[in-house]
Amino acid sequence: DKGEKMLKTWYSFLLCWLSLRLEANPGLKVRITQNGLDYGRRIGMELLKQAVLKETFPSWSGQESFSVVKVNYVISRLRINAVDFPKTSASFIPGTGISLSVAHASATISADWRMNAWLLKDQGGITLSISGLFIAVIFRVSKDSTGHLSMLLHNCQLSINSVKVKLNGGSSWIYSFLSGFLEEPIRTKLDKNLCLNIKYKIQMMDAQLRKHKVLNQIDAFAQIDYSLVSSPAVFKSHINLDLKGTVYPVGYHTDPPFVPAPFALPNEGDSMLYLGVSSYFLKSASLAYYRAGALNITISKELATTFNLNTTLFKDFVPEIAPSYLTACPVLLKLMATSPPAVSLNADRCILQITGCVEVLAVLPNSTTQYIFAGNLTASTRANLTITKQKLIISLLLKRLQFSLLHSTLGFSEMSLVENFLSYALWSAVIPVINDKLGKGFPLLNLAHTTLTGPVIKTNQGHLVISTDVHYK
């Protein structure tokens, strides 16, 4: 019937929508290679050592029997004095996540002990030496429903070769009694609790990842969405993270009327990190800043004076205006983008084409403004790309200008002369103002205490590839 057909139609629409969402292409790609994982492992082990030495542990108690006598004991104020991880390794587990193993680890732990047995009470200090510790952990990585990276414990294996207990203080006969009886309970407690403690720590890390902002503010005009569009793809040599990479105007989170095209990172592994930046990312940024009105620029009287834009200079380009301005007057420019700048990424080149309208006015000695002319212009610029502090910095260089006159209070015999003046005005005043805004950069990553070292940018058809190492400080 009609209702059943309608239901089938909506069901088909839902399936199509889901398939499109599942197959969404990213605007940004991040690849961590084995070199990057090894560096992370080394830094992680050093941070783990520091954290372990500051760790506090709860007291624990137990009861052991010696013949017919029951001995109750309490171990308190546990603190790790030394720890060593002589052999560690990390690897990618295809389709799952990351494996981390620690072999031949050792630790020295000190604590206080207190015992109570019938009519006997005693206390002292204890030194615990653990050696031959082996731990193998597998983390499963995935994407949660909000696009955050999720990390959970997939597997944990543990073995301890030796646990030695040395007691200090108290009566000598109690040393041998307690030393012999404490080693096994301590080994059992470590076997039981170490993996549980690792699981808890990973859950805490996962909770922190969920708090990490996927929508980051760039400046007063725009925000960027770093949410994952799919679960991380784990291979034997690397892990790929596909990020949405859409730039929005602040407070206006409607997707652009275009979608990312598929692109691939190179099959290389020499660098620790590879970042892929699609033209979609740059185009969405162009659209966001256009919608936010950030591309409308006015060269004020103060800026005109700074850049020496005045009617005397104008006369050098267009002699016809000489009779109208006998005294040098500052020249104001009002530029307004009429469409988002067009971004084009080709082999070794990034081109930005700006289309807009311009009004040119003179500031008379009595501080009033006088309209001179207005027209449409198209400026073709070449973008130089650099990386600074995890940000993509874009600097524009004017290559070509086309201008068509709309209105004028003066008669111009040769429009090419007017174009020459505007080219000079854009080159000397407008482009520097734009570059000053662009100098704040577009954040590509948000890694705390980390800098990118030796980044290299390669421009390809439709996307950029940034290969870099990282340094933790």
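Just so it is clear, the structure is predicted and the values come from calculations on it, not from any experiment. (Residues numbered from 1 in each chain as written. Predicted model: local features only at pLDDT ≥ 70, side-chain atom pairs only at ≥ 80, totals over all residues. Heavy atoms only, no water.)

Asks: Any chance you could explain the overall build of the protein chain here in plain terms?
Replies: Looking only at helices and strands, the protein chain has 7 helices and 22 strands in total. Against the compact-globule benchmark of 23 Å for 473 residues, the protein chain has a radius of gyration of 34 Å, which places it well outside the compact range. For the protein chain, the spread of C-alpha atoms along the principal axes amounts to about 120 × 70 × 40 Å. Sequence-distant contacts in the protein chain: of pairs separated by 6 or more residues, those separated by 24 or more amount to 68%. Accessible surface computed for the protein chain: about 25200 Å², of which carbon and sulfur atoms make up 57%. The protein chain carries 45 positive and 30 negative side-chain charges, and their two centres are separated by 5 Å. (Helix = DSSP H or I, 4+ residues; strand = E, 2+ residues; numbered from the N terminus. Rg over C-alpha atoms; globule rule 2.2 N^0.38 Å. Contact = heavy atoms within 4.5 Å. Areas by Shrake-Rupley, 256 points an atom, 1.4 Å probe, with all protein chains shown as cover. Lys, Arg positive; Asp, Glu negative; His and termini not counted. Charge placed at Lys NZ, Arg CZ, Asp CG, Glu CD.)

Asks: Which parts of the structure should I look at to understand the UniProt feature "domain: Lipid-binding serum glycoprotein C-terminal" (unreviewed entry) in the protein chain?
Replies: Those places that UniProt annotates as "domain: Lipid-binding serum glycoprotein C-terminal" (unreviewed entry) correspond, in this numbering, to residues 267-468. In residues 267-468, the share of helix is 25% and the share of strand is 46%. The end C-alpha atoms are 15 Å apart. (UniProt positions renumbered as here; feature names shortened; annotations may be inferred.)

Asks: Explain the sheet that holds strand β10 (residues 233-234) to me, please; I cannot follow it from the model alone.
Replies: Whether parallel or antiparallel, the strands of a sheet pair through hydrogen bonds between backbone atoms. Taken in spatial order, the 6 strands make up an open sheet running β10-β11-β1-β13-β22-β21, and their pairing is antiparallel. Each having just a single partner strand, β10 and β21 (450-460) make up the two edges of the open sheet. Summarising the sheet, strand β1 (residues 28-33) and strand β11 (residues 238-243) pair through 6 bridges and their orientation is antiparallel. By the bridge assignment for β11, valine 30 is matched with leucine 241. Each of β1 and β22 (463-472) is contacted by helix α2 (residues 34-54), which is oriented at about 70 degrees to β1, the strand it contacts most. Here helix α4 (residues 279-291) sits on the sheet and contacts β1, β13 (273-278) and β22; the angle it forms with β13, its principal contact strand, is near 55 degrees. (Pairing = 2+ DSSP bridges. Axes fitted to C-alpha atoms, helices over the stretch in contact; angles between N-to-C directions.)

Asks: Teacher, can you tell me more about the environment of serine 300 here?
Replies: Note that serine 300 resides in the loop between β14 (297-299) and α5 (301-306). Since its relative accessible area comes to 23%, serine 300 is described here as partly exposed. Each C-alpha atom, one on serine 300 and one on proline 330, is 8.9 Å from the other, the two residues being 30 residues apart in sequence. (Buried < 20%, exposed > 50% of the residue type's maximum accessible area, 1.4 Å probe, protein only.)

Asks: I'm lost on the domain arrangement of the protein chain in this one. Help?
Replies: Interfaces are often described in size by the accessible area the parts lose on coming together. Domain assignment breaks the protein chain into domain 1 (55-210) and domain 2 (215-472). Between domain 1 and domain 2, the residue contacts involve 13 residues of the former and 13 residues of the latter. Taken together, the connections running from domain 1 to domain 2 amount to 3 residue pairs in polar contact (both at pLDDT 80 or more). Elements with a contribution of two residues or more to the side of domain 1 that touches domain 2: β4 (87-93) and β6 (120-143). When its residues are assigned to classes, the side of domain 1 that touches domain 2 shows 5 nonpolar, 7 polar and 1 charged. (Domains from an automatic or database assignment. Polar contact = N/O pair within 3.5 Å; in protein donor to acceptor, adjacent residues only side chain to side chain. Nonpolar A, V, L, I, M, F, W, Y, C, P; charged D, E, K, R; others polar.)

Asks: Help me understand the sheet that holds strand β12 (residues 246-249) in this model?
Replies: Strand order in the open sheet formed by 3 strands is β8-β9-β12, and the pairing between neighbours is antiparallel. Here the strands that pair on one side only, and so sit at the sheet edges, are β8 (215-217) and β12. Put simply, the sheet's adjacent strands are angled 30 degrees from each other on average, direction ignored. In this structure, β8 lies alongside strand β9 (residues 222-225), joined through 3 bridges in antiparallel fashion.

Asks: Any chance you could explain the side chain of serine 227 here in plain terms?
Replies: Relative to the helices and strands, serine 227 is located in the loop between β9 and β10. Side-chain polar atoms of serine 227 contact the side chain of aspartate 225, separated by 2.8 Å. Residues in contact with serine 227, not counting those within four places in the same chain, are Thr146, Gly147, Val214, Asp242, Leu243 and Lys244.

Asks: Explain the state of the cysteines here, please?
Replies: Applying the stated criterion across every chain yields a total of 1 disulfide. Shown here is the disulfide that connects cysteine 156 with cysteine 195, its sulfur atoms set 2.0 Å apart. Here cysteine 156 and cysteine 195 share a disulfide; its torsion about the S-S bond, -75 degrees, makes the bridge left-handed. Taken as a pair, cysteine 156 in strand β7 (residues 149-168) and cysteine 195 in helix α3 (residues 172-211) lie far apart in primary sequence, 39 residues in all. Exposure class is identical for cysteine 156 and cysteine 195. Each is buried. (Disulfide = S-S within 2.5 Å.)

Asks: It is not clear to me how the environment of threonine 33 should be interpreted in this structure. Could you clarify?
Replies: Its place among the elements puts threonine 33 in strand β1. Distance from threonine 33 to lysine 437, taken between C-alpha atoms, is 34 Å for residues 404 residues apart in sequence. Setting aside residues up to four positions removed in sequence, threonine 33 forms contacts with Phe92, Ser237, His238, Glu268, Gly269, Ser271, Met272 and Tyr274.

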